[in-house]
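Results of the structural survey
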Amino acid sequence: MSHTPFRLSGLTVALLALAGVAQAQSSVTVYGAIGLDVVSATHVYNGTRTGSVVKVDDNAIVNSRIGFKGSEDLGGGLKAQFGLESSVRPDTGTAGNGSTTFFNRGSYVGLAGDFGSVRVGRQWNVADDYMGNYFAFGFYSAFLLGGFGPLSDLTNNAIKYTTPKIGGVEAGLFYGLGEQAGRTSAGQTFQAALNYAEGPVGVGGVAYSAKSPTAGVGATTMYALGASYQFGAVKARVGVATADVKDVTAAGTYKANVVDFGVDVPLSAQASLSLDYVKYDKKDSDDDTAFFRARGAYALSKRTTLNANVIFLNNSGNADFAFVTQGRGFAGKAGQSQTVLTAGITHAF
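Residues numbered from 1 in each chain as written. Predicted model: local features only at pLDDT ≥ 70, side-chain atom pairs only at ≥ 80, totals over all residues. Heavy atoms only, no water.

Remarks on the overall build of the chain
Stated formally: Comment: elements are numbered from the N terminus, with helices defined as DSSP H or I runs of at least four residues and strands as E runs of at least two. In this scheme, a residue with accessible area under 20% of its type's maximum is buried, one over 50% is exposed, and one in between is partly exposed, where area comes from a 1.4 Å probe on protein chains only. We call two residues in contact whenever any of their non-hydrogen atoms come within 4.5 Å of each other. The Shrake-Rupley method, run with a 1.4 Å probe sphere, supplies the accessible areas, and residue values consider only the shown protein chains as cover.
Along its length, the chain carries two helices and 18 strands. When burial is assessed residue by residue, the chain has 38% of its 349 residues classed as buried. Taking all contacts inside the chain whose residues are at least 6 apart in sequence as the whole, residues at least 24 apart take part in 53%. Only carbon and sulfur atoms are counted for the fraction: they give 61% of the accessible area of the chain, which is about 18000 Å².

Brief notes about the nonpolar core
Threshold: Within this scheme, the nonpolar core is defined by two criteria: the residues are buried Ala, Val, Leu, Ile, Met, Phe, Trp, Tyr or Cys, and they are joined through side-chain atoms within 4.5 Å.
The biggest cluster of nonpolar side chains holds 41 residues, and the ones touching the most others in it are M131, F135, F148 and V258. Going through the elements one at a time, β1 (26-45), α2 (126-130), β11 (201-211), β12 (218-231), β13 (234-247), β14 (254-266), β15 (271-282) and β17 (304-315) are the ones with two or more residues in this core. Residue contacts for F135: discarding those within four places in its chain leaves A142, L151, A224, L225, R237, G239, V240, A241, V258 and D260.

Focus on unusual backbone geometry
With phi around 50°, H43 is a residue other than glycine that occupies positive phi space. Secondary-structure assignment places H43 in strand β1. In this structure, N157 is a non-glycine residue whose phi angle is positive, near 50°. Within the element layout of this structure, N157 appears in strand β8 (residues 154-162). When its relative accessible area of 37% is taken as the criterion, N157 is described as partly exposed.

Some remarks on the pattern of salt bridges
Rule in force here: Every case where a carboxyl oxygen of Asp or Glu lies within 4 Å of a side-chain nitrogen of Lys or Arg is listed as a salt bridge.
Considering all chains together, one arrives at ten salt bridges under this definition. Close ionic contact of D57 with K55 constitutes a salt bridge, the shortest N to O distance being 3.6 Å. With its nearest N and O atoms 2.6 Å apart, the salt bridge here joins E85 to R105. Here E85 is found in strand β4 (residues 78-89), whereas its partner R105 is found in the loop between β5 (94-95) and β6 (107-113), with 20 residues between them in sequence. Classification of R105 by relative accessible area gives buried; the value is 10%. In this structure, a network of salt bridges that share partners links the residues K55, D57, R89 and D91.

Digging into the packing of aromatic side chains
The condition that has to hold: Each Phe, Tyr or Trp ring, with Trp reduced to its six-membered ring, pairs with another whose centre is within 6.5 Å; inter-plane angles below 30 degrees give stacked pairs, above 60 give edge-to-face pairs, and intermediate values give tilted ones. In this analysis the charged atom, NZ for Lys or CZ for Arg, is taken to sit over a ring once it is within 6 Å of the ring centre and within 35 degrees of the ring normal.
According to the stated counting rule, one finds nine aromatic pairs in the structure shown. With a centroid separation of 5.4 Å and an interplanar angle of 90°, the aromatic rings of F137 and F143 are classed as edge-to-face. Aromatic ring contacts, followed pair by pair, group F139, Y140, F291, F321 and F323 into a single cluster. When the ring centre of Y254 is taken as reference, the NZ or CZ atom of K282 above it lies at 4.6 Å.

Points about the pairing of β1
In plain terms, the rule: Two strands are said to pair when DSSP picks up at least two bridges between them.
The sheet contact formed by β1 and strand β3 (residues 65-75) spans eight bridges and is antiparallel. Bridging across to β3, S27 finds its partner in S71. By the bridge criterion, nine bridges tie β1 to strand β18 (residues 338-348) in an arrangement that is antiparallel. Bridge pairing in β18 links A33 to A348. With eight bridges joining them, β1 and strand β2 (residues 50-58) adopt antiparallel strand pairing. By the bridge assignment for β2, Y45 is matched with T50. Connecting β1 to the antiparallel partner β2 that follows it, the hairpin turn spans four residues, and G47 within it adopts a positive phi of roughly 105°.

Thoughts on the side chain of R89
Within the secondary structure layout, R89 lies in strand β4. Residue classification places R89 among the buried residues on the basis of a relative accessible area of 14%.

Examining the pairing of β3
Regular strands place their side chains on alternate faces of the sheet. As defined by bridge partners, β3 adjoins β4 across ten bridges and the pair is classed as antiparallel. Paired with F68 across the bridge in β4 is L84. In this structure, the hairpin formed by β3 and β4 is closed by a connection of two residues, where G76 is found at a positive phi of approximately 65°.

Examining the confidence of the model for the chain
What counts is decided by this rule: A residue's pLDDT is simply how confident the predictor is in it, with values from 0 to 100.
In the predicted model, the chain carries a mean pLDDT of 89, and the fraction of residues at 70 or more is 88%. Per-element confidence in the chain ranges from a low mean pLDDT of 44 for helix α1 (residues 4-25) to a high of 98 for β6. When the criterion is pLDDT under 50, residues 1-24 qualifies, and its contacts beyond four places in sequence or with other chains add up to zero contacts.

A word on the environment of A112
For A112, the position within the fold is in strand β6. Here A112 falls in the buried class, since its relative accessible area comes to 13%. For the pair A112 and L78, spaced 34 residues apart in sequence, the C-alpha to C-alpha distance is 5.9 Å. When near neighbours in sequence (up to four residues on either side) are disregarded, A112 contacts G77, L78, K79, Q81 and S117.

So this is what it looks like as structure tokens:
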């Protein structure tokens, strides 16, 4: 009995020594962003009538989040990596996007080395890695329009491979397992992307295919191309995508195209302006949507930014798309336009 304290103390010292070695070879980073906007919108539909609304909401461009990421040097150029990220709603203090998933913005583990990187878990697809160079991202974006969610999306139970960048060329493969017993293809998603970025030129493309988790219900394919050119400090962008949605449920079957013309202009060392015009064309239909978005940003510091958006949205035919609704389960009202004004502040940490 008299030796027990000594033995425990020795074990503790050994464990602390091992922990010190592990800490020297690995790193963990806590990061995030908190942003809030004051949002004013016209023609907001609450399911029975339309009207204007003013509300405080999560920043639309850099959604509020908290995350943990880290790596461990395994030697020989090989590293283990992990990431955990959760969105938050700073206006209410609740989990973001109405999700019951705690790490709803990603949870993965993987390896990286000279071969590139391989990650497994819930993660952003490879289109999200590259298409943001050509399409406007954030909440006021083309990927919210029907059929084009795969331009930037999270997938559960996914395997993602990204090549190293060689001569400006980088590629990625993404496979989401459907995990349906007896239905090997149900719920599966596949995406491949190729991107070139060197000097003032950027060019990228992505192909996407997904099958419904319910066998026989439908499938979606999407193809997207983007290009950008840097004219001095000014960057011009264009993104074009096409989607083919086959669905025997109420969602329907349709084809659609979307195009995004954009330009990013630095006004000073602190101020910048981005302009985008997005046109959504639903084939064999007059149910189309178009919007113009102007975004201004002013950096008070490296971490704190003031921002503002002006969005003019127009629906035609029976199109009922809306950026702002009083209830997140409601869509807009068919054929109505919407004007959205925002002003806010974001702090990154």
